[in-house]
Amino acid sequence: MTSKRWFIVTNIDNLRFFYDCGLVVDSQAFPANSYMHDMQAERPKGFLPCFSIDNLTEALKAAKSEDENLITCLVEIELKNVKFERVYVQTCQRKKGEFENISAELFATIDAVEVLLPAPLPLNCIKNIFLSDAKKQKTIVDDFTSAFGEFPPKFFSNNAKLFKEKDSSKEDLLNKVPQNDEKVQSTNVPEREIDYTKTFAYGGALTLSFYQTKNGRLSCGLFEAFANNALDKNEYSHLNQLISWIFNNPNESELSVFYSLIFSLIVGEDDLGTVHYDLLKLFENKEKLPPAFAHVSGLAVRLRQLVERTYEDDLDVYFSKLIDAYEAKEKGSSKIYLLISMIFIRDHSETMLKFYHEQFTEEDYFLLAVFFGLIQGMSKIPLEIRKIDGLRDWVSFKMAEFIHCSHPSSITFEKGPSFPVLIHNKFFKKTSAPKKQDALQAFCSFIGIEEQEIITWILTPKDEYKVKSGNIIFSKRPSLYADIDNDRLENLILVKTIKESENLFDLNNALNILKA
Amino acid sequence: MAKRIFELPKDHELTKDQRMAIRKPAAGQYLVVGAPGTGKSVVALLRMKKYAEDAQMQFLTFNHVLNHANSVLVGDATKYKMNTAMSWLYELHWNIVGGKPETYDQDKMPEIISHQPDYEKLIERFKEHDADFSGLSLIVDEGQDLPQGWYEAVEALHVENFFVVSDQNQQITDQNSSHDELKDVLALESSDVIELKENWRNTTAIAAFANYFYTDKSSPKPTLPNKPSAYVPILYEYEKLNSAKEIILSSYDQDPSKLIGLIVATDSKREWWAKDLTKDEKTRRESPPIVSTYVSNQKNGVHIDFDQGGIVVLNDKSVKGIEFDEVFIIIDGFKAINNDKETLMKRMYVMASRARERLFLLKSSVQKSIFEDVLPPPGTAISIERKGITEQLELLKRIKI
């Protein structure tokens, strides 16, 4: 592997979008008109041009060509994390815009000045971000930290030297060879059309459903199955439908057709008012519905009443009636209507996550999170959830893997971030370790419950004991166990973190307490 | 009451024009013009955030409610200097002349009438004191509502850096400036004027309804956003006042994270509604809303929690520049000044465009509202393109309750 340093050369506006969507992406990923021209626009679609440290000048100019007031930045890529057999490179010996497809072995030996990496890259491939101006650095770092969570120390640094335009005698290495005047065309590199919509939907669903793992063991199990695309096909049919849609798992049931119809209207749509508009049109027009779901026009009447504020009961009654009516016909059949109704009732994932109903099950809360995550994608995930330790990089890695699998490319990634901690799997277990017991007690106080509601203290003698003069005498010191009533804990967590809480549950704080 | 989702947009949610305006250097004079909902205030606030640490930045708005809403929206307001334009000028003048209570009559702001500075005398006074505020950068929101004299007075302080956002179709005071006057007083080149064209706040339905009331003959109607919504504006005609109250309260109960603006015609109605909405005997899913209100001469400041859901009862004069998730306008009781239809249209334009997501009008079935004559006739619709198909979007749905 080459020992050179490699940089994606862009501007703060584009960098901000990388973090917002959770991936280092090419211009196809940007919403309409939000991509700001940089060197990527002059390269084949679907590739991220990375420049060697001695070939930055031209790319720096391009990164602010659309507006001189743009702030440029250098995103240093840890190329060791990217594994490839072959790669497109440019060397000093080739004309501008001409790339050679070479093997990894050769790449390690030649003096390449630009490499085209198939997009996207996970965020953990970013080693450092360099800015040219120390004055602006603080503002930018504060801004990024408040928007996307903590960054490692010195992750952002300034290095004016890297931004210095080379004098004409030491101009770019590429200028040593004859250039043609035409617009750069990399005709020898096949473009990669990438549809990012589903990837961002997947990332949104992973992130929001991870938040629900606070609710209990079932959510933790469902999350693991979702993350590994390993959910039992015979269980949790509605979650299976959502996962099948993401991974294109074969499924031709009418339920699947109905879900696909819904997703075709709502995934990637920015505004939920528009989603409501499209869904009502779909439901009110039975012709497009699978026969088993033609009755959804009845639901549409009530949804229309909610929209027009003429529905007379409150939302508790609305959901009770809905659940009772559909569950009486077929167990589990209410779930899809619950999901549809919720997007008419809550238009933001944060307010949805705080919607409590006595009849909602832990599975329902999990489903709702996956559903809203799919609709709203990565960029609308509430900040408190984005900031959960380790989640950003893990989700980014999963999305990158997903896209390189669905849009095959020549690269894979080394060393993925570790699986995020699932608190119910890791911490809420019977324990005799005093530190863990302290942590459990602290957690009770953190969520506002009395410890005796969930912890039973059990004194366990290790050996025989004698009773002497009314006293129990142990031959060895007994162990004191804290035993957790997990069912009770999970019920209380639902109440405390959804029904009774003004804010989203602070999983970082909970983890800090439990890890103590 | 629940936490409201009230935050500044992310970069990629802004238009390129908005972002370009934000990036303009801290020094210089710029005028940003655009119709309601084009994100002028958002641009002004994001610009303040961008430069607050580097430049001596002062953010000014026309009214107290907008100033308060902006302070909440921007987050840690203690980091920023924000005020209303007039309060700031009065305070600045007082400090420059070294005003003292015992010499109040001599030191006070020279005025033509109460609260209306005599700008010529003020400029002379600034010159006498040789006041120099050349290091200051001003961001002025709703700049059209300040007269040229205000700008001339500030320029007499050697202030050179202006970033003014303005919409001349939203002038609601007699003391105001047109865009040409602003260009003139700030000596702007045409390259210093940035026009925001995309409606970015409202849905297609709300923007189309507001456009129906657009009166500015000198500029074209704002472009409609491509955001069709199930929530077309609705006119509820009620027989009993309680039905109107119920629809407002049940709307809040459906999502307590929403901030509802209730706009009424007169101060007495404002006070009555603010009290009456707190009297609710019905058992509801959510806790009762916080009902707040504000009137421009209110002495104890603005007590509206813009980052919590609730109901805010206001007159149309206090709603300039601010936005609500849902807006209810009770159209009864408004009076036309000198039968001036254009002013009436302008008032509806401003009120309607306050709604981000939902807009409802309420009227009594037994009273005649002057707005009835200017509302779109039943069945009026606009054509929109949706996924390659032309569809009709009703401008105003009518429902009897």
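Residues numbered from 1 in each chain as written. Chains lettered and ligands numbered in written order. Predicted model: local features only at pLDDT ≥ 70, side-chain atom pairs only at ≥ 80, totals over all residues. Heavy atoms only, no water.

## Side note on the pairing of strand β12 (residues 310-315) of chain B
All names here are of chain B.
1) Next: Among the six residues that make up β12, six are buried, leaving the element largely enclosed by the rest of the structure.
2) Next: Where burial is concerned, the two faces of β12 agree: the one with Gly-310, Val-312 and Leu-314 and the one with Ile-311, Val-313 and Asn-315 are both buried.
3) Next: Pairing of strand β10 (residues 259-264) with β12, which is carried by six bridges, proceeds in the parallel orientation. Looking at β12, one finds that Leu-259 is bridged to Gly-310.
4) Next: Bridge count between strand β11 (residues 291-293) and β12: three bridges; the pairing is parallel. What sits directly across from Val-291, in β12, is Ile-311. (Buried < 20%, exposed > 50% of the residue type's maximum accessible area, 1.4 Å probe, protein only. Helix = DSSP H or I, 4+ residues; strand = E, 2+ residues; numbered from the N terminus. Pairing = 2+ DSSP bridges.)

## A look at the interface of chain B and chain A
1) Next: Across the boundary between the two partners, chain B contributes 47 residues, which contact 54 residues of chain A.
2) Next: Between chain B and chain A the total buried area reaches about 4,200 Å² when both faces are included, carbon and sulfur atoms providing 41% of it.
3) Next: Of all residues in chain B, Arg23(B), Gln254(B) and Arg285(B) bury the most surface against chain A, accounting for 19% of the area lost on that side.
4) Next: Applying the counting criterion to the chain B and chain A interface returns 18 salt bridges. (Contact = heavy atoms within 4.5 Å. Buried area = accessible area lost by both parts, 1.4 Å probe. Salt bridge = Lys/Arg side-chain N within 4 Å of Asp/Glu carboxyl O.)

## A short note on the domain arrangement of chain A
By convention, interface size is frequently given as the accessible area that disappears when the constituent parts associate.
1) Next: Assigned domains of chain A: these are domain 1 (6-173), domain 2 (197-388) and domain 3 (427-514).
2) Next: Spacing between the C-alpha centres of domain 1 of chain A and domain 3 of chain A amounts to 50 Å. (Domains from an automatic or database assignment.)

## Structural notes on the side chain of His93(B)
Residue and element names in this part refer to chain B.
1) Next: Here His-93 shows up in helix α4 (residues 85-96).
2) Next: Of the residues examined, His-93 reaches a relative accessible area of 1% and is grouped as buried.
3) Next: Apart from residues lying up to four places away in sequence, His-93 is in contact with Asp-107, Lys-108, Met-109, Pro-110, Leu-122, Arg-125 and Phe-126.

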